[in-house]
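The chain contents come next:
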There are 2 protein chains.
Amino acid sequence: MSFLTVGTVAFDAIETPFGKTDRIIGGSATYISVTASNFYKDQQIVSVVGDDFPKEVIADFQARGIDVEGLQIKEGEKSFFWSGKYHHNMNDRDTLVTDLNVLADFDPILPDSYKDAKYVMLGNIDPNLQIKVLDQLNGKPELVMLDTMNFWMDIAMEPLKEVLKRIDVLTINDAEARQLTGEYSLVKAARKVVTEMGPRYLIIKKGEHGALLFNNENQVFFAPALPLEDVFDPTGAGDTFAGGLLGYLARTGDTSFENMKRGIIYGSAMASYCVEKFGPNRLLELTREDIETRLKEFISLSQFDITLS
Amino acid sequence: MSFLTVGTVAFDAIETPFGKTDRIIGGSATYISVTASNFYKDQQIVSVVGDDFPKEVIADFQARGIDVEGLQIKEGEKSFFWSGKYHHNMNDRDTLVTDLNVLADFDPILPDSYKDAKYVMLGNIDPNLQIKVLDQLNGKPELVMLDTMNFWMDIAMEPLKEVLKRIDVLTINDAEARQLTGEYSLVKAARKVVTEMGPRYLIIKKGEHGALLFNNENQVFFAPALPLEDVFDPTGAGDTFAGGLLGYLARTGDTSFENMKRGIIYGSAMASYCVEKFGPNRLLELTREDIETRLKEFISLSQFDITLS
C-alpha cells in the first residue's frame, strides 16, 4: 500500500525579484515526497544524490515517514545542481547552471519492497527512465501520475508517448498541452490526451491562473490559484501540487473524478504555501492547522451558492 | 427603479482566426443593455448614433424592454465605427480603424425619466463624460459600476481618478489594475483600489483566465472562465460580463459580497455565450433555458465538496 515517488533530489540556487539563495535543497522528488507525507505515511523515494548531499536532510526525510532505501548515494560524486533566475512575472525564468552530475547516468532501481506500490508518482525526468520504473513494478498500481515538460517533448517525444500509454494522470502546463497534441484549444488538446494518448485524466497547470482537470468522460473542473500578496519563489510549486493531490488520493483511497476535484484543491493549497518562501522551507514547517486554514481560504475563494430550478 | 447604461452603440468589423465580418452591430452599451435585459426589464440607454444606424436594431432594443429616449440619433452623421483583428491567442488584437464620427462630440444627456436610475453602468468611454452622467443624477444610485481601459489611464488619469471616487464597482483587466495603482501584485493593487481610490468592489477581468472580485473587507472570490472548444470572437465579452453581473444584481436587489459572487458567475456565463459567435449574435438568440444550462456548467466546473472539522 505504498506511495512511490521517482524524481530528482538535488541542490538549487535561486534568484527571484525578492532575493537570492545559496545552494539549497531542491528536486522534484523532494517536493513531492515531503508534501505527500503530510497525507500518507508509507512514502518511498527512488532518486540519486552524491556524497555531498546532507545526511541530516535524508534523516529528516526518514523522520517524515519517507523510506530512503531507493535513494542511491554515489560516493565521490556530486548531486544534481540547478540554478535559475526568475523574471518579475515569476512565470518566465532563465536557467543559469545545470550540472547533471549523478543524474547523468541515473539508473532508477526499485528495491523489492517498492515493487507493489499502489500509488506511483513519476516526477519530471527522462521518459526512458519513467518507462524503466514502470517495467520493474509487479502488476498495475491503483494510480500512476506523470509529470513532464517541453524539454522531453523536444528531444524524447517517442518514449514520452510510450510511457503515456501506461499512466492514469498526466500533469503538464498549457503550452506543453499544445505542444504534445498540436491543438491550440486546450479543450481539444485535452480530449486528444484523454481519449487517444493513454491517460484517463489530464491536469493542465496554469501557475497563477490555476489548474484544469479533464477526464475521458467530457467532464472538466477548474481550481483557482490563491491570489497571493507576493509570490516569493515558484520553484517546486508544480511538484508540490502533485504531491498534495496524489497524497490526498492515497489517503482517501478514491480516484473518482469527484475525489480528484478535492485532491486538486489540496494540491493547490499546498502549492500556495510552497511559493511563500525559498525552496521547500515553508513546506517543511507546515502543521495540519496550516493546511486546514488554507483549504478554508480556497473554499471561500471559489465556492458560491446558486440554486437553479 | 431603472437600470441605466451609458456607452457606445456602434458598428464593428471584426477579423479573427475563424473568419471575418462586414459591418456588424457593436458598442459597449449594446452588449451591456442586451445582456442585462435578460435579467431586469427596466433598461435605459444613453448613447449616440448617426442616421446610418439601422432602425430595426433600435426597434429590437425596444422590444427587449430597453428605453431609447436617451439614444441620440444625429441626422446626417455617421455612427462610431471600429475595426480590429485578433491574434491567434484571442487576447491580443490590432485596431485597424477607429472612426469616432458621432462619438467625437458625444454629450451624454439624461432624459428626466433616467435621473433616478437605481443601477448605473458606465461603459468604457471618456471619464469626463462618465462624470457628466453622474452629475445629472438625482441623488446616489444603489450601485454604480464603471468599466474603463488603459487608453484612458494614458490620456485622462486625473478625471478617471475623480470619477472613481464616486462609484461602487470598478471592472478592469490585470494589466490595467497594475497601471492604475503602480502595484505589480494584484492583491496589493486591489487593496489600493478598494481602500484608497473610491470603489468598494474591484473586479479584475482576466479573459480566458477568469475574473477576481475583491472588496474592502479583505474578501476575495474567483470565477473561472468556461474552457471552450473555440473562442470565436471575444469582442464584447467584457461588456457582456458586466451586463450579466449588474443585471443579476438589479433583479435580486442585493449588492452584498455573497450576491456579487453569484452575479459574477451569471456574468461569466453570459460572456461564455458571447464569444461563441461574431458580435452580439449569440446573445440575441439566448433563451432562459440556455442561461440555466450554462450556469449548471459553471457550477460543475468550479464546485467541490470538502468538509473540514
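I will try to describe carefully the structure that is included in this document.

Reading guide: rules and limits
- Residues numbered from 1 in each chain as written.
- Chains lettered and ligands numbered in written order.
- Predicted model: local features only at pLDDT ≥ 70, side-chain atom pairs only at ≥ 80, totals over all residues.
- Buried ≥ 20, exposed ≤ 12 C-beta atoms within 10 Å, placed from the backbone.
- Helix = DSSP H or I, 4+ residues; strand = E, 2+ residues; numbered from the N terminus.
- Pairing = 2+ DSSP bridges.
- Least-squares fit on C-alpha atoms with pLDDT ≥ 70 in both.
- Contact = placed C-beta atoms within 7 Å.
- Axes fitted to C-alpha atoms, helices over the stretch in contact; angles between N-to-C directions.
- Left-handed = near helix turned anticlockwise from the far one by under 90°.
- Nonpolar A, V, L, I, M, F, W, Y, C, P; charged D, E, K, R; others polar.
- Parallel < 35°, antiparallel > 145°, perpendicular 65-115°, else oblique.

### Observations regarding the pairing of strand S13 (residues 201–205) of chain B
Residues and elements named next belong to chain B.
Phase 1: Most of S13 is tucked away: five of the five residues are buried.
Phase 2: Pairing geometry for strand S12 (residues 169–173) and S13, over five bridges, is parallel. The partner of isoleucine 172 across the bridge, within S13, is isoleucine 204.
Phase 3: Summarising the sheet, S13 and strand S14 (residues 211–215) pair through five bridges and their orientation is antiparallel. Each residue of the ladder has a partner; that of lysine 205, found in S14, is alanine 211.
Phase 4: Between the end of S13 and the start of S14, which pair antiparallel, lie five residues, with glycine 207 showing a positive phi angle near 60°.

### Describing the relation of the copies chain B and chain A
Here the second copy of the chain follows from the first by a rotation about an axis and a shift along it.
Phase 1: Each copy of the sequence occupies a distinct position, and chain B is placed on chain A by a rotation of 180° and an axial shift of 0.0 Å, giving an RMSD of 0.0 Å. Such values leave the two copies arranged in the relation of a two-fold axis.
Phase 2: Looking at the interface residues of chain B, 100% of them are also at the interface in chain A, so both copies use one shared face.

### As for the packing of helix H1 (residues 28–36) of chain A against helix H8 (residues 237–252) of chain A
Residues and elements named next belong to chain A.
Phase 1: It is at 7 Å that the axes of H1 and H8 come closest, and there the two elements cross at 35°. Crossing of H1 against H8: the hand is right-handed. Every residue of H8 that contacts H1 at Ser28, Tyr31, Ile32, Ser33, Thr35 and Ala36 is listed here: Asp239, Thr240, Ala242, Gly243, Gly244, Leu246 and Gly247.
Phase 2: Looking at the contact of H1 with H8 residue by residue, the class counts come to five nonpolar, seven polar and one charged.

### A look at the packing of helix H3 (residues 127–136) of chain A against helix H5 (residues 157–164) of chain A
All names here are of chain A.
Phase 1: Relative to each other, H3 and H5 sit at 30°, their axes nearing to 8 Å. With respect to their mutual orientation, H3 and H5 come out roughly parallel. Judged by the twist between their axes, the crossing of H3 over H5 is left-handed. Contact residues: H3 offers Pro127, Asn128, Gln130, Ile131 and Leu134, while H5 offers Pro159, Leu160, Glu162 and Val163.

### Observations regarding unusual backbone geometry
Residue and element names in this part refer to chain B.
Phase 1: Positive phi outside glycine occurs at asparagine 101, with the angle close to 50°.
Phase 2: Here asparagine 101 lies in the loop between strand S9 (93–99) and strand S10 (119–122).
Phase 3: Residues other than glycine seldom take positive phi values, yet asparagine 218 does so here, at roughly 65°.
Phase 4: Here asparagine 218 is to be found in the loop between S14 and strand S15 (220–223).

### Topic: the interface of chain B and chain A
Phase 1: Each partner contributes residues to the interface: chain B has 29 residues there, and chain A has 29 residues.
Phase 2: Elements with a minimum of two residues in the side of chain B that touches chain A: helix H7 (186–197), S15, helix H9 (257–274) and helix H11 (288–302) of chain B.
Phase 3: For the side of chain B that touches chain A, the element with the most residues is H11 of chain B, which contributes six residues.
Phase 4: For the side of chain B that touches chain A, a count of residues per class yields 17 nonpolar, five polar and seven charged.

### Looking at the environment of tyrosine 266 of chain B
Residue and element names in this part refer to chain B.
Phase 1: Inspection of the secondary structure puts tyrosine 266 in helix H9.
Phase 2: For tyrosine 266, a count of 28 C-beta atoms within 10 Å translates into the label buried.
Phase 3: Measuring from C-alpha to C-alpha, the distance between tyrosine 266 and glycine 123 comes to 18 Å, with 143 residues separating the pair along the chain.
Phase 4: Setting aside residues up to four positions removed in sequence, tyrosine 266 forms contacts with Gly244, Leu245 and Tyr248.

### Focus on the environment of glutamate 208 of chain B
Phase 1: Tracing the backbone shows glutamate 208 of chain B in the loop between S13 and S14.
Phase 2: The exposure class of glutamate 208 of chain B is buried, given the 20 C-beta atoms found within 10 Å.

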